[in-house]
Amino acid sequence: MEGLVIRSLEQRDIIDLEPVLREHVKDRDTGEIVEQEIQDIKSYMQGDLDTEECRRTYLVAEHEGTAVGCIAYTTPDKDMRKHFSDTYVNSAELVNAFVSSEYSHGKGVGKALFQRLCNKAKAAGFDYILLNSGPRYKASWGFYDRVCDGNKGFIVGKFGEGGDAKTWYKKL
């Protein structure tokens, strides 16, 4: 997409990204916006530690001066470490990948964010990117099937009953 810039998140981007989060962070059963989860993500964007006591490294997609998407990586959580075992020791976990619906589905924004995240993680010394996605984001599973090297099945119950998470890995 012409004019698209992928860069590190700046505090001013959080205002632009809140509507993007509100598009996507919804209860999988009711469709209601999950306010607490949005507040948690915004606090991680501000540099607060996540529930695993880790900081997240965020990138944003900017178009015409507005942040229209984001992606981050962090240390894999305990479920991911257990699921991927010792094979993927030196890994980062992709989290919080969101693109405004106005800029998604074939426009290249998600792919550009993913590629830049992989480059940044590799430069930071990681060998793999690991990720999981629950049923709330099943529509994006095809994207991860295309950009990752493979999947490693499901983490059953990752997001509660009926909330099995499909997992993928990408060699950097």
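Going by the structure above, here's the rest.
The following refers to the structure shown. (Residues numbered from 1 in each chain as written. Predicted model: local features only at pLDDT ≥ 70, side-chain atom pairs only at ≥ 80, totals over all residues. Heavy atoms only, no water.)

## Thoughts on the side chain of H83
Logical step 1: Here H83 lies in helix α3 (residues 78–84).
Logical step 2: Take H83: its relative accessible area is 19%, and that puts it in the buried class.
Logical step 3: Only 3.0 Å separates the side chain of H83 from the side chain of T167, close enough to count as a polar contact.
Logical step 4: The contacts of H83, once residues within four sequence positions are left out, are K152, G153, F154, I155 and T167. (Helix = DSSP H or I, 4+ residues; strand = E, 2+ residues; numbered from the N terminus. Buried < 20%, exposed > 50% of the residue type's maximum accessible area, 1.4 Å probe, protein only. Polar contact = N/O pair within 3.5 Å; in protein donor to acceptor, adjacent residues only side chain to side chain. Contact = heavy atoms within 4.5 Å.)

## Thoughts on the pattern of salt bridges
Logical step 1: As enumerated under the stated definition, the model contains 16 salt bridges in all.
Logical step 2: For R7, the salt bridge is made with E10, and the minimal N-O distance between the two is 3.9 Å.
Logical step 3: Exposure remark for R7: the relative accessible area of 14% places this residue in the buried category.
Logical step 4: Residue classification places E10 among the partly exposed positions, given a relative accessible area of 34%. (Salt bridge = Lys/Arg side-chain N within 4 Å of Asp/Glu carboxyl O.)

## Let's talk about the side chain of R7
Logical step 1: Residue position: R7 is located in strand β1 (residues 4–8).
Logical step 2: Within the structure, the side chain of R7 is placed 2.6 Å from the side chain of E62, a separation counted as a polar contact.
Logical step 3: Contacts of R7, omitting those with residues within four sequence positions, involve R12, D13, L59, V60 and E62.

## Quick word on helix α4 (residues 109–123)
Logical step 1: A rise of 1.5 Å per residue sets the reference length of α4, with its 15 residues, at 21 Å; its end C-alpha atoms lie 21 Å apart and thus fit the reference within 8%.
Logical step 2: Listed in full, the buried residues belonging to α4 are V109, L113, F114, L117, C118 and A121. Buried residues of α4 fall within an arc of 165° about the axis and therefore sit on the same side. Residues of α4 that are exposed and point more than 90 degrees away from the buried face comprise N119, K122 and A123.
Logical step 3: Of the residues one or two after α4, G125 is the one with positive phi, at around 100°. (Expected span 1.5 Å × (residues − 1). Arc of directions from axis to C-beta.)

## Here we look at unusual backbone geometry
Logical step 1: Look at E64: it is not a glycine, yet its phi comes out positive at around 50°.
Logical step 2: Considering the arrangement of structural elements, one finds E64 in the loop between β2 (57–63) and β3 (66–74).
Logical step 3: Even without glycine at this site, N96 takes up a positive phi of about 50°.

## Quick look at the packing of aromatic side chains
Logical step 1: In this structure the tally under the stated criterion is ten aromatic pairs.
Logical step 2: Seen in terms of ring centroids, F114 and F143 are 6.4 Å apart; in terms of plane orientation they differ by 85°. Their pairing is edge-to-face. Residue F114 is found in helix α4, and its partner F143 is found in helix α5 (residues 141–147); the two are separated by 29 residues along the sequence.
Logical step 3: Using a relative accessible area of 3% as the deciding quantity, one classes F114 as buried. (Phe/Tyr/Trp six-rings, centres within 6.5 Å; stacked < 30°, edge-to-face > 60°.)

## Some words on the packing of helix α1 (residues 13–24) against helix α2 (residues 35–45)
Logical step 1: At a minimum axis distance of 11 Å, the contact between α1 and α2 shows a crossing angle of 150°. As the angle between them shows, α1 and α2 are arranged roughly antiparallel. Considering only the axes of α1 and α2, their crossing is right-handed. Residues I14, L17, E18, L21 and R22 of α1 lie in contact with α2, whose contacting residues are E35, I38, I41, K42 and M45.
Logical step 2: Grouping the amino acids of the contact of α1 with α2 by side-chain chemistry returns six nonpolar, no polar and four charged. (Axes fitted to C-alpha atoms, helices over the stretch in contact; angles between N-to-C directions. Parallel < 35°, antiparallel > 145°, perpendicular 65-115°, else oblique. Left-handed = near helix turned anticlockwise from the far one by under 90°. Nonpolar A, V, L, I, M, F, W, Y, C, P; charged D, E, K, R; others polar.)

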